[in-house]
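Geometric and topological summary
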Amino acid sequence: MEAYLIDGGRPLDGVMEIHGAKNSVLPIMAACVCCAGTCEIRNCPRISDVETAVAILRHLGCRVERRGGTLAVDAAGLARCDIPAKLMRDMRSSILFLGALLARCGRADLVLPGGCALGARPVDLHLQAMGRLGARAEQAGDRITCRAGALRGQEFTLRFPSVGATENAMLAALGCRGTVVLRNAAREPEIVDLAQFLRVLGAQVSGEGTDRLTVQGGAPLHGAAYTVMPDRIETATYLCAAAGCGGDVFLAGAERRSLEAVISVLGRSGCQITEEASGLRIQASGRLTPPGSVATAPHPGFPTDAQAPVMAAMLRAAGTTGFTETIFENRMRHVPQLRRLGADITLYGRRAVVRGVGTLRGADMEATDLRCGAALIVAALQAEGESRVTGVPYIRRGYEALAENLRNAGAAVTLQNE
Ligand code: EPZ
C-alpha cells in the first residue's frame, strides 16, 4: 500500500507551486461537451480526478490530448449520452455531465456519482433544476435518466446554494430556448471561472459570483482557449502547512482574491501573508494565536474544504479554537486520525473544540477523504518524529506533486510504494 512518510518538526522555507483548480477544471471539462469544437484548457492540473474526466470525455466520443499543462478537448465527435457506473462512481463531479449532455444532445443516462464520503451527498437539487428547465429527470435506485423535450428558459430558486447544482443548471441552460435566471445560486470562485469559460465559448452568461445568475440559452458555441484559475484549496492547504510549522514560504501562482476568509483566520492567528507579483508569501514563527471560532459557510464564507487543513494548523496553537461544519453532515473524520498524533480535540457532532498542545508526536494515520488527507499531512509536518499517512489515492485526487512540492519547501516527505 502506498504511504506518505513524513519526518516532521521543522520549519518550512522555500517556494511551492500552486496548480490549476480541481473544482474549476472539472466543470470546465464537462462544459466542453456543450460545444462541437476544440477547447484548449490551460493550467490543467495533473490529478486523478482530471484523468477520470478525460476517460468520461473519451467514452462519450470526444478526442482529448494533453500537451504539457494544456488539455485539448475536441467534442465534435460526441457519439453517446451515457456514462458507465465505474466512471461515474470515481468522483462527484461526474454528475456535471448531466447538464452538459442535456444541452448538447437532449438526454443523459447516468448513475449516482461517487466522491468523498462527507455525508449523503444527494443530487435532488440537480434533478429539480433539470426539471425546472423542462427536462424529465428521474432517479430509480442509483440510475439517473434524463430526457429533455424542449428545454425552456425559466426563473427558479435553489433551496440551497449548491455548487454542483448551480454548475449543472448553467450547463443545461445553454440548451434552453430563452433566458434562465437562477436565484440563490452558489457564488464560489469556481462558478465565476466556469462562467468566464462559457463566455469565451460564445455563451451569454451574467451575474456569476452573485446569488442571481442569468444565462441566455441557445447561443451558438465555438471552441476556445481558457486558463483555469489557481486552486484556492491547494493554496489554503500549503498556507496551513507553513502556519503550523513556522517558516517563510512563497506560493507561486497563488491568488489572494478567492481566499479572503482563510487568510483572515490565519492572519488572526499571527501569520504574515503578503501578496507579491506572482503569488502569496506566508511568514510564521512560534505558537499560533487561537484565531477565534471558525464556522464553514457558502462563499464568501469560510470554505468547508479548508476546515480540516486549518484545524490541523491550530493543533499546537496557544489556546482553544472552535470549528463548526455547517455544509456537510460528516466532515469531521480527520479528528480521530489527528488524535493519534496527540492532538486534543473534543467532538460535539458537527462542532470540534481544539485545545492547542505543546508537542505532537509522529504516528500512523489513514486518510478517509481528500481534505482529511491534506489535514493529516499538515499535522504530520508539525509532529516530532516520523508519521505514515495512507489513503494516498484520496490525496492524489486533488493535489499534484504534493511530496515534491513540500520537499521544495524543506519538508522531509517521501511517497513510498510499499
Ligand atoms: C463542491 O461539491 C466541491 N466539489 C466540494 O469540494 C465542496 O466541498 C462543495 O462544493 C462545497 O463548496 C467539486 O466542486 C467537484 P454542494 P458539491 O452541492 O457540488 C447538499 C473537495 O474537497 N446537497 O455545494 O457536491 C450536500 O449534501 C470537494 O474538493 C443536497 O442536499 O457541493 C451538501 O450538504 C469536497 N442536494 C451541501 O448541499 C444536492 O442535490 C453542499 O453541497 C446537492 C447538494
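Check the entry above for the structure.
The structure reproduced in this document is the subject of the present report.

Thresholds applied
- Residues numbered from 1 in each chain as written.
- Predicted model: local features only at pLDDT ≥ 70, side-chain atom pairs only at ≥ 80, totals over all residues.
- Heavy atoms only, no water.
- Disulfide = S-S within 2.5 Å.
- Helix = DSSP H or I, 4+ residues; strand = E, 2+ residues; numbered from the N terminus.
- Buried < 20%, exposed > 50% of the residue type's maximum accessible area, 1.4 Å probe, protein only.
- Salt bridge = Lys/Arg side-chain N within 4 Å of Asp/Glu carboxyl O.
- Phe/Tyr/Trp six-rings, centres within 6.5 Å; stacked < 30°, edge-to-face > 60°.
- Near = heavy atom within 4 Å.
- Polar contact = N/O pair within 3.5 Å; in protein donor to acceptor, adjacent residues only side chain to side chain.
- Areas by Shrake-Rupley, 256 points an atom, 1.4 Å probe, with all protein chains shown as cover.
- 1 Å grid on protein atoms, 1.4 Å probe; cavity = no way out; pocket = protein on both sides within 12 Å on 5 of 7 lines; lining within 4 Å.
- Sits in = over half its atoms within 2 Å of the grid points.
- Nonpolar A, V, L, I, M, F, W, Y, C, P; charged D, E, K, R; others polar.
- Pairing = 2+ DSSP bridges.
- Axes fitted to C-alpha atoms, helices over the stretch in contact; angles between N-to-C directions.
- Expected span 1.5 Å × (residues − 1).
- Lys, Arg positive; Asp, Glu negative; His and termini not counted.
- Contact = heavy atoms within 4.5 Å.
- Points joined across faces, edges and corners; volume = space filled by probe spheres on them.
- Core = buried A, V, L, I, M, F, W, Y, C linked by side-chain atoms within 4.5 Å.

**What to know about the state of the cysteines**
- Under the defined criterion, the tally for this structure stands at one disulfide.
- The disulfide that involves C81 links it to C105, with 2.4 Å between the sulfurs. Remark: C105 occurs in helix α4 (residues 97-105) and C81 occurs in the loop between β5 (70-74) and α3 (85-88); sequence separation between them is 24 residues.
- Since its relative accessible area comes to 29%, C105 is described here as partly exposed.

**Side note on the pattern of salt bridges**
- One pass over the structure, following the stated rule, counts 24 salt bridges.
- Between D248 and R281 there is a salt bridge, with its nearest N and O atoms 2.7 Å apart. You can see D248 sitting in strand β14 (residues 247-252) and its partner R281 sitting in strand β16 (residues 279-284), a full 33 residues away along the chain.
- Looking at D248, the relative accessible area reads 23%, which means it is partly exposed.
- Ionic pairing is found between D305 and R331, a salt bridge with its closest N-O pair at 2.7 Å. Of this pair, D305 sits in the loop between β17 (294-295) and α10 (307-313) while R331 is found in the loop between β18 (320-324) and α11 (334-339), placing the two residues 26 residues apart along the sequence. Accessibility assignment for this pair places D305 and R331 in one class, buried.

**Brief notes about the packing of aromatic side chains**
- Scanning the model with the defined rule gives two aromatic pairs in all.
- Note on F197 and Y226: the rings are 5.8 Å apart at their centroids and 65° apart in plane angle, and the pair reads as edge-to-face. Here Y226 lies in strand β13 (residues 225-227) and F197 lies in helix α7 (residues 189-200), a separation of 29 residues in the sequence. The pair F197 / Y226 is uniform in exposure class, with both members buried.
- Seen from their ring centres, Y238 and Y399 are 6.4 Å apart, and the 65° between their planes marks the pair as edge-to-face. With Y238 in helix α8 (residues 232-245) and Y399 in the loop between α13 (392-396) and α14 (402-407), this residue pair connects regions lying 161 residues apart in the sequence. Here Y238 matches Y399 in class, with each residue buried.

**Looking at the site of the ligand**
- Around the ligand lies a shell of 23 residues, among which D124, L125, S162, D305 and I327 are the nearest.
- Taking R121, its side chain carries an N or O atom lying 3.1 Å from an oxygen atom of the ligand.
- A distance of 2.8 Å is found between an oxygen atom of the ligand and a backbone nitrogen or oxygen belonging to L125.
- A total of 830 Å² of accessible area belongs to the ligand in isolation, and the protein chains cover 91% of it.
- Its atoms largely coinciding with the cavity grid, the ligand occupies the largest pocket.
- Mapped onto the shell around the ligand, the elements with two or more residues apiece are α1 (22-31), α5 (124-132), α6 (163-173) and α12 (370-380).
- Sorting elements by how many residues they give to the shell around the ligand places α5 first, with three residues.
- Of the residues that constitute the shell around the ligand, the class distribution is nine nonpolar, six polar and eight charged.

**Section: the sheet that holds strand β21 (residues 364-366)**
- Strand order in the open sheet formed by four strands is β21-β22-β1-β23, and the pairing between neighbours is mixed. Each end of this open sheet is capped by a strand with a single partner; those strands are β21 and β23 (412-417). Pairwise comparison of adjacent strand axes, ignoring direction, gives a mean angle of 20° for this sheet.
- With three bridges connecting them, β21 and strand β22 (residues 385-390) associate as parallel partners.

**Quick look at the sheet that holds β17**
- Strand order across the open sheet formed by four strands is β17-β18-β20-β19, with mixed pairing between neighbours. The open sheet terminates on both sides in strands that have one partner only, identified here as β17 and β19 (344-348).

**Some words on α7**
- In this model, α7 (12 residues) spans 17 Å end to end at C-alpha, consistent with the 16 Å of a helix rising 1.5 Å per residue.
- Every buried residue of α7 is accounted for by P189, E190, I191, D193, L194, A195, F197 and L198.
- Of the residues flanking the end of α7, it is G202, one or two places downstream, whose phi is positive at about 110°.

**Observations regarding the side chain of E188**
- Inspection of the secondary structure assignment puts E188 in the loop between β10 (179-183) and α7.
- One buried charged residue, E188, remains without a salt bridge, the closest side chain of opposite sign being R232 at 4.9 Å.
- Of the polar contacts made by the side chain of E188, one reaches the backbone nitrogen of H299; its length is 3.0 Å.
- If we skip the residues at most four places from it in the chain, E188 touches V163, R232, P298 and H299.

**As for empty space enclosed by the protein**
- As enumerated under the stated definition, the model contains one cavity of 30 Å³ or more in all.
- What lines the largest cavity is T237, Y238, A241, I377, V378, L381, L402 and L406.
- Of the residues forming the lining of the largest cavity, the biggest block, three residues, is contributed by α8.
- Considering only residue class, the lining of the largest cavity consists of seven nonpolar, one polar and no charged.

**Some details on the nonpolar core**
- Counting residues in hydrophobic clusters, the biggest one holds 81 residues, and the most contacted among them are L101 and L198.
- Leaving out residues up to four positions away in the same chain, L198 has contacts with A31, M170, L171, L174, A203 and V205.
- Membership of the second largest hydrophobic core comes to 77 residues, among which are A243, L280, A312 and V335.

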